[in-house]
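So the chains spell out like this:
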Amino acid sequence: SVTNSSKMARKLGTVMVFLTQNLDDFPQEANKILSTVETYICLNTSVKELRDIQKYKSITPEEEMLFEGIQKSAPKYIEGVLLTENSRVGKMLFRNITPRISLALAMTDKKERDYRLSIMEEHNLNEAEASIYMAKEMMANADDMLKGED
């Protein structure tokens with residue numbers, strides 16, 4: 001269980017890192033652990049998700065403003081908020097620009113898979129090569145956008 005794993009990690013002097021798109025994924029027994037989390041990295045957080053976080057962590061009005069400023073422009077970037085108890089780091093809004101090859105390799109939506117398959121068939125490529133082809137396409141499109149040729 002999450003609770004037993006967390007206890008074992010503390011005994012061994014290691015750090016637990018939890019990743020989820022939904023805090024409801026955690027069982028009720030994990031509430032005590034979730035209330036002791038020191039660092040939150042929140043990507044494109046909805047109002048509901050913010051309220052869920054507030055069950056475990058108090059959020060100041062200043063921090064709430066950070067959440068309200070989050071933007072997303074798929075696949076170019078996604079913004080998020082970093083909240084940490086570390087006073088040297090503090091609280092900040094950040095922008096994550098994922099490398100195009102990572103995006104291309106991670107594409108799993110039906111339309112994305114169909115497009116990769118069409119590239120594989122058209123250019124006689126394997127799946128990895130087709131992903132590289134797609135990444136190069138995304139980079140070329142990004143260059144066009146920078147030049148104002150949207």
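Report on the accompanying structure. (Residues numbered from 1 in each chain as written. Predicted model: local features only at pLDDT ≥ 70, side-chain atom pairs only at ≥ 80, totals over all residues. Heavy atoms only, no water.)

## A closer look at the packing of aromatic side chains
- Inspection of every chain in the model, using the stated rule, returns one aromatic pair.
- Between F18 and F26, the aromatic rings sit 5.5 Å apart at their centres with planes inclined by 85 degrees, giving edge-to-face as the arrangement.
- Among the residues examined, F26 registers a relative accessible area of 15% and is labelled buried.
- Sitting over the face of the ring of Y77, R95 holds its NZ or CZ atom 3.6 Å from the ring centroid. (Phe/Tyr/Trp six-rings, centres within 6.5 Å; stacked < 30°, edge-to-face > 60°. Buried < 20%, exposed > 50% of the residue type's maximum accessible area, 1.4 Å probe, protein only. Lys NZ or Arg CZ within 6 Å of the ring centre and 35° of its normal.)

## Here's the deal with the environment of K7
- Mapped onto the elements of the fold, K7 is located in helix α1 (residues 2-12).
- In this structure K7 comes out as partly exposed when scored by relative accessible area, which is 43%.
- Linking K7 and R100, residues 93 residues apart in sequence, is a C-alpha distance of 38 Å. (Helix = DSSP H or I, 4+ residues; strand = E, 2+ residues; numbered from the N terminus.)

## Overview of the environment of S73
- For S73, the position within the fold is in strand β2 (residues 72-73).
- Assessed through its relative accessible area of 17%, S73 is described here as buried.
- In this structure, the C-alpha to C-alpha distance between S73 and I97, residues 24 residues apart in sequence, is 10.0 Å.

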